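The residues making up each chain are set out below.
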Amino acid sequence: MPNSRLHDDAMVEILRDDPNFAKAYLHQAFLDIDEDGGQEAFLMALRHVVEARGGMTTIAKKAGVSRETLYRTLSPTGNPTLKTLRHVINATGFHFSSLASA
(Lines give C-alpha, C1' and ligand atoms only; values in the text may rest on other atoms or scores of the structure.)
Protein backbone atom coordinates (compact mmCIF):
# COMPACT_ATOMS: atom_id res chain seq x y z
CA MET A 1 0.00 0.00 0.00
CA PRO A 2 1.54 3.38 -0.95
CA ASN A 3 2.43 5.79 1.85
CA SER A 4 -0.15 8.34 0.64
CA ARG A 5 -2.91 5.75 1.07
CA LEU A 6 -1.71 4.96 4.60
CA HIS A 7 -1.79 8.69 5.38
CA ASP A 8 -5.28 9.04 3.91
CA ASP A 9 -6.57 6.09 5.93
CA ALA A 10 -5.00 7.44 9.13
CA MET A 11 -6.50 10.90 8.56
CA VAL A 12 -9.96 9.46 7.96
CA GLU A 13 -9.72 7.44 11.18
CA ILE A 14 -8.65 10.50 13.20
CA LEU A 15 -11.43 12.60 11.67
CA ARG A 16 -13.99 9.89 12.37
CA ASP A 17 -12.96 9.73 16.01
CA ASP A 18 -12.81 13.49 16.65
CA PRO A 19 -15.48 15.75 15.09
CA ASN A 20 -13.87 18.86 16.62
CA PHE A 21 -10.64 18.03 14.85
CA ALA A 22 -12.57 17.62 11.58
CA LYS A 23 -13.82 21.20 11.81
CA ALA A 24 -10.34 22.52 12.68
CA TYR A 25 -8.83 20.48 9.81
CA LEU A 26 -11.27 21.93 7.26
CA HIS A 27 -10.87 25.41 8.74
CA GLN A 28 -7.08 25.32 8.31
CA ALA A 29 -7.35 23.95 4.77
CA PHE A 30 -9.81 26.75 3.97
CA LEU A 31 -7.42 29.39 5.37
CA ASP A 32 -4.62 28.00 3.19
CA ILE A 33 -6.70 27.81 0.00
CA ASP A 34 -4.95 30.81 -1.62
CA GLU A 35 -1.47 29.30 -1.16
CA ASP A 36 0.26 27.32 -3.93
CA GLY A 37 -1.49 23.96 -3.97
CA GLY A 38 -4.08 25.23 -1.51
CA GLN A 39 -7.12 24.38 -3.60
CA GLU A 40 -5.93 20.81 -4.09
CA ALA A 41 -5.13 20.53 -0.38
CA PHE A 42 -8.59 21.84 0.56
CA LEU A 43 -10.29 19.33 -1.74
CA MET A 44 -8.19 16.52 -0.23
CA ALA A 45 -9.10 17.65 3.29
CA LEU A 46 -12.76 17.71 2.32
CA ARG A 47 -12.41 14.26 0.77
CA HIS A 48 -10.98 12.96 4.06
CA VAL A 49 -13.90 14.49 5.99
CA VAL A 50 -16.40 13.03 3.50
CA GLU A 51 -14.90 9.57 4.01
CA ALA A 52 -14.98 10.02 7.79
CA ARG A 53 -18.59 11.23 7.77
CA GLY A 54 -20.06 8.23 5.98
CA GLY A 55 -18.25 7.86 2.68
CA MET A 56 -18.76 9.03 -0.87
CA THR A 57 -22.10 7.31 -1.48
CA THR A 58 -23.73 8.57 1.73
CA ILE A 59 -22.48 12.14 1.38
CA ALA A 60 -23.33 12.27 -2.33
CA LYS A 61 -26.94 11.33 -1.51
CA LYS A 62 -27.14 13.93 1.26
CA ALA A 63 -25.60 16.57 -1.03
CA GLY A 64 -27.93 15.74 -3.92
CA VAL A 65 -25.14 14.86 -6.35
CA SER A 66 -24.12 11.60 -7.97
CA ARG A 67 -21.30 9.59 -6.46
CA GLU A 68 -19.33 10.05 -9.69
CA THR A 69 -19.78 13.83 -9.49
CA LEU A 70 -18.54 13.80 -5.92
CA TYR A 71 -15.45 11.79 -6.87
CA ARG A 72 -14.69 14.23 -9.71
CA THR A 73 -15.38 17.24 -7.49
CA LEU A 74 -12.95 16.09 -4.81
CA SER A 75 -10.23 14.86 -7.16
CA PRO A 76 -6.90 16.74 -7.26
CA THR A 77 -8.03 18.32 -10.53
CA GLY A 78 -11.56 19.00 -9.30
CA ASN A 79 -13.04 22.40 -10.01
CA PRO A 80 -16.34 22.38 -8.12
CA THR A 81 -18.94 25.09 -8.35
CA LEU A 82 -19.62 27.03 -5.20
CA LYS A 83 -23.11 25.51 -5.10
CA THR A 84 -21.74 21.94 -5.21
CA LEU A 85 -19.06 22.73 -2.65
CA ARG A 86 -21.65 24.24 -0.29
CA HIS A 87 -23.93 21.20 -0.64
CA VAL A 88 -21.07 18.76 0.01
CA ILE A 89 -19.82 20.67 3.05
CA ASN A 90 -23.35 20.89 4.44
CA ALA A 91 -23.80 17.15 3.88
CA THR A 92 -20.78 16.51 6.12
CA GLY A 93 -22.53 18.37 8.94
CA PHE A 94 -20.71 21.67 8.64
CA HIS A 95 -21.78 25.02 7.21
CA PHE A 96 -19.61 26.56 4.53
CA SER A 97 -19.54 29.87 6.41
CA SER A 98 -18.23 28.14 9.55
CA LEU A 99 -15.01 27.24 7.75
CA ALA A 100 -13.91 30.88 7.91
CA SER A 101 -13.84 30.87 11.73
CA ALA A 102 -12.35 28.42 14.15
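For clarity, every value in this text was computed on a predicted model and none was experimentally measured.

J.: Help me understand the side chain of His48, please; the structure alone is not making it clear to me.
T.: Take His48: it is sitting in helix H3 (residues 38-52). At a separation of 2.7 Å, a polar atom in the side chain of His48 contacts the side chain of Tyr25. Setting aside anything within four residues of it in sequence, one finds His48 in contact with His7, Asp8, Met11, Val12, Leu15 and Tyr25.

J.: Just to check I follow, could you spell out helix H6 (residues 82-91) for this structure?
T.: Given 3.6 residues to a turn, an α-helix orients residues that are three or four positions apart in the same direction. Turning to H6, its buried residues number three or more, namely Thr84, Leu85, Val88, Ile89 and Ala91. All buried residues of H6 fall inside an arc of 160 degrees around its axis, so they share one side. Of the exposed residues in H6, those oriented more than 90 degrees away from the buried face are Leu82 and Lys83. In this structure, the buried side of H6 is in contact with H3, helix H4 (56-63) and helix H5 (67-73).

J.: Explanation requested: H4 in the structure shown.
T.: Of the positions making up H4, those classed as buried are Met56, Ile59, Ala60 and Ala63. Across the axial projection of H4, the buried residues extend over an arc of 105 degrees, all falling on one side. Opposite the buried face of H4, at more than 90 degrees from it, the exposed residues are Lys61 and Lys62. Looking at the residues trailing H4, positive phi occurs at Gly64, about 75 degrees.

J.: Is there a simple way to explain the packing of H3 against H6 in this structure?
T.: Angle between the axes and distance between the axes: these two values describe a pair of packed helices. Closest axis-to-axis distance for the H3/H6 pair is 10 Å, and the angle between their directions is 35 degrees. The handedness of the crossing between H3 and H6 comes out as left-handed. Packed against H3, whose contacting residues are Phe42, Leu43, Leu46 and Val50, the element H6 presents Leu85, Val88 and Ile89 at the interface. A class-by-class count of the residues in the contact of H3 with H6 yields 7 nonpolar, no polar and no charged.

J.: How should I be thinking about the pattern of salt bridges in this particular structure?
T.: Where side chains of opposite charge bring their charged atoms close, a pairing between them can arise. Under the definition given, this model contains 2 salt bridges. When the shortest N-O distance is used, the salt bridge between Arg16 and Glu13 registers 3.1 Å. With Arg16 and Glu13 both in helix H1 (residues 3-17) and 3 residues apart, this pair spans about one turn of that helix. We classify Glu13 as partly exposed; its relative accessible area is 38%. Arg67 is the partner of Glu68 in a salt bridge, and the nearest nitrogen-oxygen pair spans 3.5 Å. Residue classification places Glu68 among the partly exposed positions, given a relative accessible area of 43%. In this structure Arg67 comes out as partly exposed when scored by relative accessible area, which is 35%.

Thresholds applied
- Residues numbered from 1 in each chain as written.
- Predicted model: local features only at pLDDT ≥ 70, side-chain atom pairs only at ≥ 80, totals over all residues.
- Heavy atoms only, no water.
- Helix = DSSP H or I, 4+ residues; strand = E, 2+ residues; numbered from the N terminus.
- Polar contact = N/O pair within 3.5 Å; in protein donor to acceptor, adjacent residues only side chain to side chain.
- Contact = heavy atoms within 4.5 Å.
- Buried < 20%, exposed > 50% of the residue type's maximum accessible area, 1.4 Å probe, protein only.
- Arc of directions from axis to C-beta.
- Axes fitted to C-alpha atoms, helices over the stretch in contact; angles between N-to-C directions.
- Left-handed = near helix turned anticlockwise from the far one by under 90°.
- Nonpolar A, V, L, I, M, F, W, Y, C, P; charged D, E, K, R; others polar.
- Salt bridge = Lys/Arg side-chain N within 4 Å of Asp/Glu carboxyl O.

Read these as layout, nothing more, since geometry by itself doesn't imply function.
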